[in-house]
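Chain and residue survey
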Amino acid sequence: MNKIRHLIDISDLTTEEIDGIIAVAEDIMRHRADYAHACDGKKIATLFFEPSTRTRLSFEAAMIELGGNTLGFASASNSSTTKGESVMDTIRTVSAYADIIAMRHPLEGAALAASRRSVVPVINAGDGGHCHPTQTLADLLTIKNRHGRLHGLTVGICGDLKYGRTVHSLINALTRYPGNRLIMISPPELGIPNYVRYEIMEPRGAVWSTCSTIEDCIADLDVLYMTRIQKERFADLDEYERLKDCYVLNAEKMKAARSDMSVLHPLPRVKEISVDVDDDPRACYFKQVEYGKFMRMALILRLLDDAAKGYCPETTRREILSEGFVCRNPKCVTAVETDLPQQFSLRDKAHNVYRCEYCETRFGHQK
Ligand code: ASP
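Residues numbered from 1 in each chain as written. Predicted model: local features only at pLDDT ≥ 70, side-chain atom pairs only at ≥ 80, totals over all residues.

So, on to the sheet that holds strand 5 (residues 154-158). If you walk across this open sheet you meet the five strands as 7-6-5-8-9, and the pairing is parallel. Both edges of this open sheet fall to strand 7 (207-211) and strand 9 (262-264), since each of them pairs with a single strand only. Neighbour-to-neighbour, the strand axes of this sheet turn through a mean angle of 20 degrees, independent of strand direction. As defined by bridge partners, strand 8 (residues 223-226) adjoins strand 9 across three bridges and the pair is classed as parallel. Paired with Tyr225 across the strands is Leu264, a residue of strand 9. (Pairing = 2+ DSSP bridges. Helix = DSSP H or I, 4+ residues; strand = E, 2+ residues; numbered from the N terminus. Axes fitted to C-alpha atoms, helices over the stretch in contact; angles between N-to-C directions.)

Quick look at the pairing of strand 7 now. For strand 6 (residues 181-185) and strand 7, the ladder comprises five bridges, and the chain directions are parallel. By the bridge assignment for strand 7, Leu182 is matched with Trp208. Each parallel crossover has a hand, and the one from strand 6 via helix 7 (residues 194-201) to strand 7 is right-handed. (Right-handed = clockwise from strand over helix to strand, strands pointing away.)

So, on to unusual backbone geometry. Residue Pro268 follows Leu267 across a cis peptide bond; omega there is 5 degrees. Note that Pro268 resides in the loop between strand 9 and helix 10 (285-309). Despite not being glycine, Leu267 has its phi angle at roughly 60 degrees, a positive value. Assignment of secondary structure puts Leu267 in the loop between strand 9 and helix 10. Owing to 19 C-beta atoms within 10 Å, Leu267 belongs among the partly exposed residues under this scheme. Residues other than glycine seldom take positive phi values, yet Asn352 does so here, at roughly 55 degrees. Among the structural elements, Asn352 can be located in the loop between strand 10 (344-348) and strand 11 (353-356). Judged by C-beta crowding, with 12 C-beta atoms within 10 Å, Asn352 ranks as exposed. (Buried ≥ 20, exposed ≤ 12 C-beta atoms within 10 Å, placed from the backbone.)

In terms of burial, helix 6 (residues 165-174) is largely enclosed, as ten of its ten residues are buried. For helix 6, every residue scored as buried is listed here: Arg165, Thr166, Val167, His168, Ser169, Leu170, Ile171, Asn172, Ala173 and Leu174.

The next thing to look at is the sheet that holds strand 3 (residues 100-105). Hydrogen bonds between backbone atoms are what pair the strands of a sheet, whose relative direction is either parallel or antiparallel. Here four strands make up an open sheet; going across it, the order is 2-1-3-4 and the pairing parallel. Each edge of the open sheet carries a strand with a single partner, namely strand 2 (69-73) and strand 4 (122-127). Adjacent strand axes in the sheet meet at a mean angle of 15 degrees, parallel and antiparallel pairs treated alike. Across four bridges, strand 3 lies against strand 4 in parallel orientation. Looking across to strand 4, one finds that His105 is bridged to Asp127.

See the structure below:
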């Protein structure tokens, strides 16, 4: 089988490639008619095993605006999953019908697993609480358009940093640009996962701190990235009830923010941004939705072009150093798709840290 380039994790793109995709998205925004036939005859399959409004529709709108067509399903209940079909078989089938696939699935690592069976590019449109690289592309374009740069920014990230997959991908991207400072605003229970902290932020020397309230740091921020508490990821709904309204941004709190700050949110919001912020010129979350479509257009062009050229660079994915362990995360794709090979890699030799390649769950001694 030919090697195909996929987008599973934002690490699959170099920083230069991200900048290049942003540049194409900006060009599309300026010269939309020039791209109206760029994907004539091409099809995108959107396979959403988990609910979505913006991501699925923006992938479909993106392909339509490029002159292509769409097929797919918006819920697992409309697919043969209900008959017991595996993700792997579904993807193998769909890759016979489409030129590119955007897939969302509640299991962590599902997109990576799917990419290994697909003969066309697979784009991860969200895999459980793990990552969401195309939301990050939308976030970056929004920030670039508002602030003119992706470096030297102070970014507050607020809410559910544990289960919020968009946060994990965003941190991975922002910590590559020099001079960014991150302020994590979350309850202790919903802080960033260890792998993000120890294997992405620390090795890059990321400058970051924590803050327990929005009020305490809002005046310092260039960007405030709000997130929803991810109800669907909680094993204990009482805990969700206790934490759900822990942070609410409202017009009163915005008074302390700088006039050029921007508020982003991957949406949907529940109560974490009060509607009285919506008409504030610093509220960028609906603009972010529009940018998401342009970034997805640019990404589709890039991946289809790479596929046509047979270009598939070695990704930064680690070498598999150990097999024979079993991932203990019940939300890992390997817990359900038991035919998948278990795969672990050594991430931190000094502390003997192995992690599952699909979901990043640790195997080894506690740090
Ligand atoms: N739409 C984003 C996601 O799919 C954010 C969210 O659902 O809270 O992760």
